[in-house]
Amino acid sequence: MSSELAPDQTPFDDGLTDSKAFLTRVDPRVKIIATLIWSILAASLENLAAAGLALGGALLALPFASWSFRNLAKRLSTINFFFLFMWLTLPFSFSTPGQALGAIGPLKVTLEGLTLAALLTLKGNAIVIAVIAVLGSSPLYVLAAASRSLRCPEKLVNLFLLAVRYLQIMFMEYARLRKAMRARGFKLNFSRNALNGAVFLIGSLLVRSFDRAERVHKAMISRGYKGVVWVRTDFTLQRRDFVFSLVSLFLLALIALGGFWWRII
Amino acid sequence: MHISEGVLSLPVLLSGAALTTFGVALGLRRIGDENLPKTAVLTATFFTASFIHLNVGPSSVHLMLNGLIGLMMGWVAFPIVLIGLLIQGLLFQYGGLTTLGVNTFNVAGPGVLVGLLFHKAIYGPDTTKSSIFSFMAGFLAIALTALLVCVALLLTNPVNYKVAALTILASHVPVMFIEGAVALLVVRFLKKVKPELLVDPKWANK
(Lines give C-alpha, C1' and ligand atoms only; values in the text may rest on other atoms or scores of the structure.)
Protein backbone atom coordinates (compact mmCIF):
# COMPACT_ATOMS: atom_id res chain seq x y z
CA MET A 1 0.00 0.00 0.00
CA SER A 2 1.06 3.54 -0.50
CA SER A 3 2.51 5.51 2.32
CA GLU A 4 0.79 8.49 3.78
CA LEU A 5 0.86 11.72 1.81
CA ALA A 6 3.28 14.34 2.94
CA PRO A 7 1.51 17.17 4.75
CA ASP A 8 2.00 19.73 2.00
CA GLN A 9 1.32 17.42 -0.86
CA THR A 10 -2.06 17.26 -2.52
CA PRO A 11 -2.80 14.44 -4.92
CA PHE A 12 -3.87 16.86 -7.61
CA ASP A 13 -0.71 18.56 -8.77
CA ASP A 14 0.73 15.63 -10.61
CA GLY A 15 1.46 17.65 -13.74
CA LEU A 16 0.23 14.86 -15.99
CA THR A 17 -2.08 16.97 -18.10
CA ASP A 18 0.07 18.72 -20.65
CA SER A 19 -2.13 20.43 -23.21
CA LYS A 20 0.36 19.83 -26.03
CA ALA A 21 0.24 16.03 -25.84
CA PHE A 22 -1.81 14.30 -28.53
CA LEU A 23 -3.98 12.35 -26.11
CA THR A 24 -4.82 15.46 -24.11
CA ARG A 25 -6.29 17.05 -27.21
CA VAL A 26 -8.40 14.04 -28.21
CA ASP A 27 -12.11 14.47 -27.46
CA PRO A 28 -12.64 13.19 -23.89
CA ARG A 29 -15.92 11.50 -24.87
CA VAL A 30 -14.07 9.34 -27.38
CA LYS A 31 -11.39 8.62 -24.80
CA ILE A 32 -13.90 7.49 -22.17
CA ILE A 33 -15.68 5.12 -24.54
CA ALA A 34 -12.42 3.71 -25.89
CA THR A 35 -10.98 3.15 -22.40
CA LEU A 36 -14.16 1.46 -21.21
CA ILE A 37 -14.23 -1.00 -24.12
CA TRP A 38 -10.49 -1.55 -23.75
CA SER A 39 -10.79 -2.28 -20.03
CA ILE A 40 -13.67 -4.72 -20.41
CA LEU A 41 -11.99 -6.52 -23.30
CA ALA A 42 -8.65 -6.77 -21.48
CA ALA A 43 -10.37 -7.96 -18.29
CA SER A 44 -11.98 -10.83 -20.17
CA LEU A 45 -8.77 -12.12 -21.78
CA GLU A 46 -7.78 -15.62 -20.79
CA ASN A 47 -4.49 -16.34 -22.47
CA LEU A 48 -1.00 -15.01 -21.98
CA ALA A 49 -0.32 -14.06 -25.61
CA ALA A 50 -3.42 -11.87 -25.91
CA ALA A 51 -2.77 -10.31 -22.51
CA GLY A 52 0.81 -9.56 -23.56
CA LEU A 53 -0.54 -8.00 -26.74
CA ALA A 54 -2.91 -5.87 -24.68
CA LEU A 55 -0.06 -4.66 -22.49
CA GLY A 56 1.92 -3.82 -25.64
CA GLY A 57 -1.05 -1.88 -27.00
CA ALA A 58 -1.40 0.07 -23.77
CA LEU A 59 2.31 0.89 -23.75
CA LEU A 60 1.91 2.18 -27.31
CA ALA A 61 -0.36 4.93 -25.98
CA LEU A 62 2.21 6.23 -23.50
CA PRO A 63 4.36 8.26 -25.95
CA PHE A 64 1.24 10.22 -26.93
CA ALA A 65 0.42 11.24 -23.39
CA SER A 66 2.46 13.37 -21.07
CA TRP A 67 3.70 11.59 -17.99
CA SER A 68 6.72 11.60 -15.80
CA PHE A 69 8.57 8.43 -15.06
CA ARG A 70 8.30 9.01 -11.34
CA ASN A 71 4.56 9.37 -11.46
CA LEU A 72 4.05 6.36 -13.66
CA ALA A 73 6.25 4.22 -11.42
CA LYS A 74 4.41 5.42 -8.33
CA ARG A 75 1.03 4.63 -9.83
CA LEU A 76 2.05 1.26 -11.19
CA SER A 77 3.66 0.23 -7.93
CA THR A 78 0.29 0.45 -6.16
CA ILE A 79 -1.42 -2.05 -8.40
CA ASN A 80 1.63 -4.28 -8.73
CA PHE A 81 1.85 -4.53 -4.97
CA PHE A 82 -1.41 -6.47 -5.19
CA PHE A 83 -0.01 -8.66 -7.96
CA LEU A 84 3.11 -9.32 -5.93
CA PHE A 85 0.77 -10.83 -3.38
CA MET A 86 -0.75 -13.00 -6.11
CA TRP A 87 2.72 -14.11 -7.23
CA LEU A 88 3.49 -15.09 -3.65
CA THR A 89 0.35 -17.17 -3.19
CA LEU A 90 -0.83 -18.56 -6.54
CA PRO A 91 2.17 -20.67 -7.67
CA PHE A 92 2.19 -22.53 -4.35
CA SER A 93 -1.51 -23.02 -3.88
CA PHE A 94 -2.67 -24.34 -7.23
CA SER A 95 -4.69 -27.38 -6.24
CA THR A 96 -5.87 -28.69 -9.59
CA PRO A 97 -3.30 -31.25 -10.76
CA GLY A 98 -0.56 -28.86 -11.74
CA GLN A 99 2.73 -29.42 -13.41
CA ALA A 100 5.31 -29.20 -10.67
CA LEU A 101 8.30 -27.16 -11.71
CA GLY A 102 10.23 -27.53 -8.53
CA ALA A 103 9.91 -26.99 -4.87
CA ILE A 104 10.92 -24.37 -2.36
CA GLY A 105 11.09 -26.27 0.90
CA PRO A 106 7.78 -28.05 1.37
CA LEU A 107 6.01 -25.84 -1.18
CA LYS A 108 5.47 -27.13 -4.68
CA VAL A 109 5.67 -24.56 -7.47
CA THR A 110 3.26 -25.22 -10.32
CA LEU A 111 3.45 -23.98 -13.89
CA GLU A 112 -0.30 -23.30 -13.91
CA GLY A 113 -0.03 -21.11 -10.86
CA LEU A 114 2.83 -19.12 -12.37
CA THR A 115 0.90 -18.75 -15.65
CA LEU A 116 -2.18 -17.46 -13.86
CA ALA A 117 -0.14 -14.96 -11.85
CA ALA A 118 1.54 -13.76 -15.05
CA LEU A 119 -1.83 -13.47 -16.82
CA LEU A 120 -3.32 -11.37 -14.02
CA THR A 121 -0.29 -9.10 -13.94
CA LEU A 122 -0.31 -8.54 -17.71
CA LYS A 123 -4.07 -7.88 -17.82
CA GLY A 124 -4.07 -5.59 -14.82
CA ASN A 125 -1.16 -3.52 -16.09
CA ALA A 126 -2.65 -3.34 -19.58
CA ILE A 127 -5.82 -1.81 -18.15
CA VAL A 128 -4.16 0.53 -15.70
CA ILE A 129 -1.56 1.84 -18.16
CA ALA A 130 -4.32 2.54 -20.69
CA VAL A 131 -6.28 4.44 -18.02
CA ILE A 132 -3.19 6.43 -17.02
CA ALA A 133 -2.25 7.30 -20.59
CA VAL A 134 -5.68 7.96 -22.05
CA LEU A 135 -7.89 9.16 -19.20
CA GLY A 136 -5.04 10.45 -17.06
CA SER A 137 -4.14 12.99 -19.73
CA SER A 138 -7.40 14.87 -19.16
CA PRO A 139 -8.19 16.90 -16.04
CA LEU A 140 -10.95 15.41 -13.91
CA TYR A 141 -13.43 18.21 -14.63
CA VAL A 142 -13.08 17.67 -18.38
CA LEU A 143 -13.80 13.96 -17.91
CA ALA A 144 -16.84 14.86 -15.82
CA ALA A 145 -18.13 17.24 -18.47
CA ALA A 146 -17.62 14.57 -21.11
CA SER A 147 -19.44 11.92 -19.11
CA ARG A 148 -22.32 14.32 -18.68
CA SER A 149 -22.65 14.64 -22.43
CA LEU A 150 -22.49 10.83 -22.57
CA ARG A 151 -25.77 10.76 -20.59
CA CYS A 152 -24.27 9.94 -17.22
CA PRO A 153 -26.82 10.89 -14.47
CA GLU A 154 -26.59 14.63 -14.01
CA LYS A 155 -26.74 14.47 -10.23
CA LEU A 156 -23.82 12.04 -10.12
CA VAL A 157 -21.71 14.26 -12.38
CA ASN A 158 -22.54 17.32 -10.28
CA LEU A 159 -21.63 15.46 -7.12
CA PHE A 160 -18.35 14.38 -8.70
CA LEU A 161 -17.49 17.91 -9.84
CA LEU A 162 -18.28 19.48 -6.48
CA ALA A 163 -16.47 16.69 -4.61
CA VAL A 164 -13.33 17.16 -6.71
CA ARG A 165 -13.40 20.89 -6.00
CA TYR A 166 -13.87 20.36 -2.29
CA LEU A 167 -11.25 17.64 -2.10
CA GLN A 168 -8.50 20.17 -2.55
CA ILE A 169 -9.88 22.29 0.28
CA MET A 170 -10.40 19.28 2.53
CA PHE A 171 -6.87 18.17 1.84
CA MET A 172 -5.54 21.52 2.92
CA GLU A 173 -7.64 21.30 6.05
CA TYR A 174 -6.33 17.80 6.70
CA ALA A 175 -2.74 18.86 6.09
CA ARG A 176 -3.15 21.74 8.53
CA LEU A 177 -4.55 19.47 11.25
CA ARG A 178 -1.84 16.87 10.61
CA LYS A 179 0.86 19.51 10.80
CA ALA A 180 -0.52 20.71 14.10
CA MET A 181 -0.51 17.15 15.40
CA ARG A 182 3.00 16.53 14.17
CA ALA A 183 4.23 19.72 15.79
CA ARG A 184 2.97 18.29 19.06
CA GLY A 185 4.80 15.03 18.51
CA PHE A 186 1.87 12.86 17.48
CA LYS A 187 2.69 9.59 15.79
CA LEU A 188 -0.17 7.57 14.39
CA ASN A 189 0.91 4.16 15.57
CA PHE A 190 -1.53 1.79 17.13
CA SER A 191 -1.88 3.00 20.67
CA ARG A 192 -4.73 4.46 22.65
CA ASN A 193 -3.20 7.89 22.35
CA ALA A 194 -2.78 7.68 18.61
CA LEU A 195 -6.27 6.28 18.16
CA ASN A 196 -7.67 9.26 20.03
CA GLY A 197 -5.60 11.50 17.79
CA ALA A 198 -6.95 9.86 14.65
CA VAL A 199 -10.49 10.10 15.97
CA PHE A 200 -10.07 13.77 16.78
CA LEU A 201 -8.70 14.29 13.28
CA ILE A 202 -11.66 12.55 11.62
CA GLY A 203 -14.18 14.18 13.93
CA SER A 204 -12.76 17.66 13.36
CA LEU A 205 -12.70 17.12 9.61
CA LEU A 206 -16.35 16.06 9.66
CA VAL A 207 -17.52 18.90 11.87
CA ARG A 208 -15.55 21.54 9.96
CA SER A 209 -16.67 20.20 6.62
CA PHE A 210 -20.29 20.16 7.73
CA ASP A 211 -20.08 23.80 8.77
CA ARG A 212 -18.34 24.59 5.52
CA ALA A 213 -21.03 22.75 3.58
CA GLU A 214 -23.73 24.91 5.15
CA ARG A 215 -21.82 28.07 4.27
CA VAL A 216 -21.16 26.84 0.74
CA HIS A 217 -24.79 25.99 0.25
CA LYS A 218 -25.94 29.44 1.37
CA ALA A 219 -23.32 31.07 -0.83
CA MET A 220 -24.43 28.99 -3.80
CA ILE A 221 -28.10 29.79 -3.27
CA SER A 222 -27.36 33.48 -3.02
CA ARG A 223 -25.67 33.20 -6.42
CA GLY A 224 -28.67 31.55 -8.02
CA TYR A 225 -27.86 27.85 -7.62
CA LYS A 226 -30.78 25.69 -8.73
CA GLY A 227 -29.26 22.24 -8.88
CA VAL A 228 -27.19 22.83 -12.01
CA VAL A 229 -23.41 22.99 -12.00
CA TRP A 230 -22.30 24.62 -15.21
CA VAL A 231 -19.51 23.05 -17.21
CA ARG A 232 -18.41 23.28 -20.81
CA THR A 233 -19.99 20.57 -22.89
CA ASP A 234 -19.49 21.96 -26.40
CA PHE A 235 -17.32 19.13 -27.62
CA THR A 236 -16.89 18.68 -31.36
CA LEU A 237 -15.24 15.74 -33.07
CA GLN A 238 -12.13 16.56 -35.08
CA ARG A 239 -9.76 14.70 -37.31
CA ARG A 240 -7.48 13.60 -34.49
CA ASP A 241 -10.48 12.02 -32.76
CA PHE A 242 -11.11 9.84 -35.79
CA VAL A 243 -7.42 8.94 -35.96
CA PHE A 244 -7.51 7.95 -32.29
CA SER A 245 -10.73 5.95 -32.75
CA LEU A 246 -9.34 4.10 -35.77
CA VAL A 247 -6.11 3.16 -34.00
CA SER A 248 -8.05 2.07 -30.89
CA LEU A 249 -10.44 -0.01 -32.97
CA PHE A 250 -7.53 -1.66 -34.76
CA LEU A 251 -5.83 -2.53 -31.46
CA LEU A 252 -9.10 -3.75 -29.93
CA ALA A 253 -9.79 -5.97 -32.93
CA LEU A 254 -6.26 -7.34 -32.84
CA ILE A 255 -6.52 -8.25 -29.18
CA ALA A 256 -10.04 -9.65 -29.48
CA LEU A 257 -8.81 -11.77 -32.36
CA GLY A 258 -5.84 -12.91 -30.29
CA GLY A 259 -8.15 -13.88 -27.45
CA PHE A 260 -10.58 -15.76 -29.67
CA TRP A 261 -8.07 -17.46 -31.88
CA TRP A 262 -6.56 -19.05 -28.83
CA ARG A 263 -9.90 -20.53 -27.90
CA ILE A 264 -10.46 -22.04 -31.34
CA ILE A 265 -7.21 -24.02 -31.39
CA MET B 1 -8.97 -3.93 0.27
CA HIS B 2 -9.74 -2.97 -3.30
CA ILE B 3 -9.48 -5.74 -5.84
CA SER B 4 -7.15 -4.85 -8.68
CA GLU B 5 -7.88 -4.83 -12.36
CA GLY B 6 -7.55 -8.06 -14.26
CA VAL B 7 -8.20 -10.41 -11.35
CA LEU B 8 -11.94 -11.04 -11.48
CA SER B 9 -13.93 -12.77 -14.19
CA LEU B 10 -16.34 -10.88 -16.42
CA PRO B 11 -19.57 -12.28 -14.86
CA VAL B 12 -18.41 -11.25 -11.38
CA LEU B 13 -17.45 -7.79 -12.63
CA LEU B 14 -20.80 -7.35 -14.37
CA SER B 15 -22.85 -8.51 -11.36
CA GLY B 16 -20.92 -6.09 -9.17
CA ALA B 17 -21.60 -3.29 -11.63
CA ALA B 18 -25.32 -4.14 -11.69
CA LEU B 19 -25.60 -4.17 -7.87
CA THR B 20 -23.72 -0.89 -7.65
CA THR B 21 -25.91 0.73 -10.30
CA PHE B 22 -28.95 -0.21 -8.24
CA GLY B 23 -27.45 1.17 -5.02
CA VAL B 24 -26.26 4.38 -6.67
CA ALA B 25 -29.68 4.96 -8.23
CA LEU B 26 -31.33 4.57 -4.81
CA GLY B 27 -28.74 6.83 -3.22
CA LEU B 28 -29.01 9.56 -5.85
CA ARG B 29 -32.78 9.67 -5.42
CA ARG B 30 -32.24 10.58 -1.77
CA ILE B 31 -30.02 13.55 -2.56
CA GLY B 32 -32.20 16.58 -3.19
CA ASP B 33 -30.74 19.49 -5.10
CA GLU B 34 -30.49 21.39 -1.83
CA ASN B 35 -28.35 18.63 -0.30
CA LEU B 36 -25.98 18.23 -3.21
CA PRO B 37 -23.26 20.64 -1.99
CA LYS B 38 -23.45 19.14 1.50
CA THR B 39 -23.08 15.62 0.14
CA ALA B 40 -20.16 16.71 -2.02
CA VAL B 41 -18.31 18.24 0.92
CA LEU B 42 -18.88 15.12 3.01
CA THR B 43 -17.72 12.94 0.10
CA ALA B 44 -14.50 14.94 0.00
CA THR B 45 -14.14 14.58 3.77
CA PHE B 46 -14.57 10.82 3.83
CA PHE B 47 -12.13 10.56 0.96
CA THR B 48 -9.61 12.66 2.84
CA ALA B 49 -10.13 10.69 6.05
CA SER B 50 -9.29 7.49 4.18
CA PHE B 51 -5.75 8.83 3.89
CA ILE B 52 -5.22 8.53 7.60
CA HIS B 53 -2.84 5.65 8.10
CA LEU B 54 -2.33 3.92 11.41
CA ASN B 55 0.93 2.06 11.82
CA VAL B 56 0.33 -1.45 13.03
CA GLY B 57 3.52 -3.38 13.53
CA PRO B 58 5.62 -3.24 10.37
CA SER B 59 2.76 -2.29 8.06
CA SER B 60 0.14 0.41 8.07
CA VAL B 61 -3.59 0.25 7.55
CA HIS B 62 -5.60 3.04 6.13
CA LEU B 63 -9.05 3.68 7.48
CA MET B 64 -12.04 2.97 5.27
CA LEU B 65 -14.80 4.23 7.56
CA ASN B 66 -17.51 2.53 5.50
CA GLY B 67 -19.53 1.75 8.62
CA LEU B 68 -19.47 5.41 9.58
CA ILE B 69 -20.42 6.52 6.07
CA GLY B 70 -23.35 4.10 6.10
CA LEU B 71 -24.45 5.33 9.52
CA MET B 72 -24.36 8.99 8.58
CA MET B 73 -25.50 8.80 4.98
CA GLY B 74 -27.64 5.68 4.50
CA TRP B 75 -28.11 4.79 0.84
CA VAL B 76 -26.24 7.94 -0.16
CA ALA B 77 -23.14 5.91 0.82
CA PHE B 78 -23.28 4.30 -2.64
CA PRO B 79 -22.71 7.45 -4.71
CA ILE B 80 -20.20 8.67 -2.12
CA VAL B 81 -18.10 5.50 -2.28
CA LEU B 82 -18.44 5.33 -6.06
CA ILE B 83 -17.10 8.84 -6.48
CA GLY B 84 -14.36 8.24 -3.92
CA LEU B 85 -13.18 5.10 -5.70
CA LEU B 86 -13.48 6.76 -9.11
CA ILE B 87 -11.28 9.67 -8.05
CA GLN B 88 -8.90 7.24 -6.39
CA GLY B 89 -8.81 5.12 -9.53
CA LEU B 90 -8.16 8.08 -11.81
CA LEU B 91 -5.58 9.74 -9.58
CA PHE B 92 -3.78 6.88 -7.87
CA GLN B 93 -4.75 3.69 -9.70
CA TYR B 94 -5.72 1.69 -6.64
CA GLY B 95 -8.57 0.18 -8.57
CA GLY B 96 -9.83 0.95 -11.99
CA LEU B 97 -12.76 1.13 -14.31
CA THR B 98 -13.83 -2.49 -14.62
CA THR B 99 -13.54 -3.22 -10.92
CA LEU B 100 -15.36 -0.05 -9.93
CA GLY B 101 -18.73 -1.80 -9.64
CA VAL B 102 -17.52 -4.70 -7.52
CA ASN B 103 -15.35 -2.54 -5.29
CA THR B 104 -18.09 0.05 -4.72
CA PHE B 105 -20.55 -2.65 -3.75
CA ASN B 106 -18.03 -4.36 -1.47
CA VAL B 107 -17.39 -1.14 0.44
CA ALA B 108 -20.74 0.66 0.32
CA GLY B 109 -23.05 -2.36 0.64
CA PRO B 110 -21.95 -3.38 4.16
CA GLY B 111 -21.91 0.29 5.19
CA VAL B 112 -25.52 0.78 4.13
CA LEU B 113 -26.50 -2.47 5.83
CA VAL B 114 -25.03 -1.57 9.22
CA GLY B 115 -26.44 1.93 8.86
CA LEU B 116 -29.95 0.63 8.31
CA LEU B 117 -29.62 -1.94 11.10
CA PHE B 118 -27.98 0.13 13.82
CA HIS B 119 -28.69 3.81 13.30
CA LYS B 120 -31.69 3.89 15.65
CA ALA B 121 -29.72 2.30 18.49
CA ILE B 122 -26.73 4.54 17.87
CA TYR B 123 -28.63 7.80 17.53
CA GLY B 124 -30.63 7.05 20.68
CA PRO B 125 -29.95 8.59 24.09
CA ASP B 126 -28.60 5.40 25.72
CA THR B 127 -24.80 5.90 25.76
CA THR B 128 -23.79 2.29 26.46
CA LYS B 129 -26.08 0.93 23.80
CA SER B 130 -24.88 3.56 21.34
CA SER B 131 -21.22 2.69 22.05
CA ILE B 132 -21.73 -1.04 21.64
CA PHE B 133 -23.64 -0.66 18.41
CA SER B 134 -21.27 1.89 16.90
CA PHE B 135 -18.35 -0.46 17.59
CA MET B 136 -20.35 -3.24 15.96
CA ALA B 137 -21.12 -1.01 12.97
CA GLY B 138 -17.45 -0.26 12.31
CA PHE B 139 -16.39 -3.84 12.99
CA LEU B 140 -19.10 -5.55 10.95
CA ALA B 141 -18.81 -3.21 7.99
CA ILE B 142 -15.13 -4.13 7.50
CA ALA B 143 -15.77 -7.80 8.25
CA LEU B 144 -18.50 -7.95 5.62
CA THR B 145 -16.37 -6.03 3.12
CA ALA B 146 -13.50 -8.50 3.60
CA LEU B 147 -15.99 -11.33 3.23
CA LEU B 148 -17.41 -9.86 0.01
CA VAL B 149 -13.88 -9.50 -1.39
CA CYS B 150 -13.36 -13.21 -0.67
CA VAL B 151 -16.68 -14.09 -2.27
CA ALA B 152 -15.78 -12.12 -5.41
CA LEU B 153 -12.42 -13.91 -5.62
CA LEU B 154 -13.91 -17.34 -4.97
CA LEU B 155 -16.71 -16.85 -7.48
CA THR B 156 -14.05 -16.12 -10.07
CA ASN B 157 -11.84 -19.08 -9.26
CA PRO B 158 -13.09 -21.26 -6.38
CA VAL B 159 -10.03 -23.48 -6.24
CA ASN B 160 -7.01 -21.37 -6.92
CA TYR B 161 -7.94 -18.10 -5.27
CA LYS B 162 -8.68 -19.86 -1.99
CA VAL B 163 -5.34 -19.15 -0.30
CA ALA B 164 -5.32 -15.53 -1.48
CA ALA B 165 -8.90 -15.03 -0.28
CA LEU B 166 -8.25 -16.55 3.13
CA THR B 167 -5.08 -14.48 3.54
CA ILE B 168 -7.04 -11.31 2.79
CA LEU B 169 -9.73 -12.27 5.29
CA ALA B 170 -7.21 -13.10 8.01
CA SER B 171 -5.18 -9.94 7.45
CA HIS B 172 -8.30 -7.84 7.99
CA VAL B 173 -9.10 -9.14 11.44
CA PRO B 174 -7.00 -6.45 13.17
CA VAL B 175 -8.49 -3.83 10.84
CA MET B 176 -11.98 -4.84 12.02
CA PHE B 177 -11.09 -4.02 15.61
CA ILE B 178 -9.43 -0.75 14.63
CA GLU B 179 -12.40 0.37 12.55
CA GLY B 180 -14.77 -0.69 15.31
CA ALA B 181 -12.87 1.38 17.84
CA VAL B 182 -12.65 4.35 15.47
CA ALA B 183 -16.37 4.21 14.71
CA LEU B 184 -17.18 4.05 18.43
CA LEU B 185 -14.94 7.01 19.27
CA VAL B 186 -15.98 9.12 16.28
CA VAL B 187 -19.68 8.63 17.10
CA ARG B 188 -18.96 9.60 20.70
CA PHE B 189 -17.02 12.67 19.51
CA LEU B 190 -19.79 13.75 17.15
CA LYS B 191 -22.48 13.24 19.76
CA LYS B 192 -20.59 15.59 22.05
CA VAL B 193 -19.43 18.16 19.52
CA LYS B 194 -22.07 18.23 16.80
CA PRO B 195 -25.00 15.94 17.44
CA GLU B 196 -26.97 17.28 14.50
CA LEU B 197 -24.53 15.46 12.20
CA LEU B 198 -25.92 12.23 13.55
CA VAL B 199 -29.59 13.18 13.58
CA ASP B 200 -30.46 14.38 10.15
CA PRO B 201 -32.76 11.61 9.05
CA LYS B 202 -34.37 13.80 6.43
CA TRP B 203 -31.79 12.89 3.81
CA ALA B 204 -30.02 9.82 5.04
CA ASN B 205 -31.44 6.78 6.73
CA LYS B 206 -34.94 6.47 5.54
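Within each chain, residues carry numbers counting from 1 in the order of the written sequence. Following the order in which they are written, the chains are lettered starting with A and the ligands numbered starting with 1. Only residues with pLDDT of 70 or above have their local features reported here, since the model is predicted, and side-chain atom pairs are shown and tallied only from 80 upward, although totals for entire chains, interfaces and linings are computed over all residues. Where side-chain values are given, they derive from all heavy atoms of the structure, hydrogens and water being excluded.

Let us now look at the environment of Ser39(A). Note that Ser39(A) resides in helix α2 (residues 28-43). The exposure class assigned to Ser39(A) is buried, which follows from its relative accessible area of 0%. The contact criterion used throughout is that any non-hydrogen atoms of two residues lie within 4.5 Å. Among all residues touching Ser39(A), those that are not within four sequence positions of it are Ile127(A), Val131(A), Leu97(B) and Thr98(B). Numbering of helices and strands runs from the N terminus; a helix is a DSSP stretch of H or I covering at least four residues, while a strand is a stretch of E covering at least two. Here's how the labels work: a residue is buried when its accessible area is under 20% of the maximum for its type, exposed when over 50%, partly exposed in between, all with a 1.4 Å probe on protein chains only.

Turning to the interface of chain A and chain B, a few remarks are in order. The interface is formed by 76 residues belonging to chain A together with 71 residues belonging to chain B. Summed over both sides, the interface between chain A and chain B buries roughly 6,700 Å², with carbon and sulfur atoms accounting for 80% of that surface. Basic side-chain nitrogens of Lys or Arg form a salt bridge, by our definition, when they fall within 4 Å of a carboxyl oxygen of Asp or Glu. Put simply, chain A and chain B have two salt bridges between them. For Asp211(A), the salt bridge identified is with Lys194(B), shortest N-O distance 2.9 Å. N or O atoms within 3.5 Å of each other form a polar contact, as long as, within protein, one can give a hydrogen and the other can take it, and as long as residues adjacent in sequence are counted only when both atoms are side-chain atoms. Joining chain A to chain B, the criterion identifies four residue pairs in polar contact (both at pLDDT 80 or more). Of all elements in the fold, only α2, α4 (69-89), α5 (111-135), α6 (140-149), α7 (154-183) and α8 (192-222) of chain A reach the threshold of two or more residues within the side of chain A that touches chain B. No other element matches the 20 residues that α8(A) contributes to the side of chain A that touches chain B. Accessible area, probed at 1.4 Å, shrinks when two parts are joined; the buried area is that loss added up over both.

This brings us to the pattern of salt bridges. Residue and element names in this part refer to chain A. Applying the stated rule across the entire model yields eight salt bridges over all chains. Arg176 serves as the salt-bridge partner of Glu173, at 2.9 Å between the closest nitrogen and oxygen. Here the residue Glu173 and the residue Arg176 both occupy positions in helix α7, the gap between them amounting to three residues, near one helical turn. What makes Glu173 buried here is its relative accessible area of 7%. Here the salt bridges do not stand alone but share partners, grouping Glu173, Arg176, Arg208 and Arg212 into one network.

A volume near 960 Å³ is recorded for the largest pocket. A 1.4 Å probe that fits into a set of points on a 1 Å grid over the protein atoms alone but cannot get out defines a cavity; an open set with protein on both sides within 12 Å along at least five of seven lines defines a pocket, and lining residues are those with an atom within 4 Å of a point. Lining the largest pocket are 30 residues, and of these Leu36(A), Cys152(A), Leu86(B), Leu97(B) and Leu100(B) lie nearest its centre. When residues in the lining of the largest pocket are grouped by element, the largest group, nine residues, is from helix α1 (residues 10-30) of chain B. Residue classes follow a fixed rule: Ala, Val, Leu, Ile, Met, Phe, Trp, Tyr, Cys and Pro count as nonpolar, while Asp, Glu, Lys and Arg count as charged, and any other residue, Gly among them, counts as polar. Among the residues making up the lining of the largest pocket, the classes are represented as 25 nonpolar, five polar and no charged. Per-domain counts for the lining of the largest pocket show at least three residues from each of domain 1 (1-138 + 235-265) and domain 2 (139-234) of chain A. Grid points are joined across faces, edges and corners, and a volume is the space filled by probe spheres set on the points. Annotation comment: domain bounds sourced from an automatic or database domain assignment.

Let us now look at the environment of Leu156(A). All names here are of chain A. As for its placement among the helices and strands, Leu156 is situated in helix α7. What makes Leu156 buried here is its relative accessible area of 12%. Remark: the alpha-carbon pair of Leu156 and Ala144, spanning 12 residues in sequence, is separated by 9.4 Å.

A word on a nonpolar patch on the surface. All names here are of chain A. Patch membership requires more than 30% relative accessible area and the absence of a salt bridge. Residues of like charge join within 9 Å; the nonpolar side chains Val, Leu, Ile, Met, Phe, Trp and Tyr join within 5 Å. Shrake-Rupley sampling with a 1.4 Å probe provides the accessible areas, and residues are treated as covered by the protein chains on show and by no other component. Taken together, Ile33, Leu36, Ile37, Ile40 and Leu150 make up a surface patch of nonpolar side chains, about 390 Å² in accessible area. Summarising the element assignment, Leu150 is placed in the loop between α6 and α7. Exposure remark for Leu150: the relative accessible area of 33% places this residue in the partly exposed category.

Honestly, that's just the spatial picture; any functional story needs more than this.
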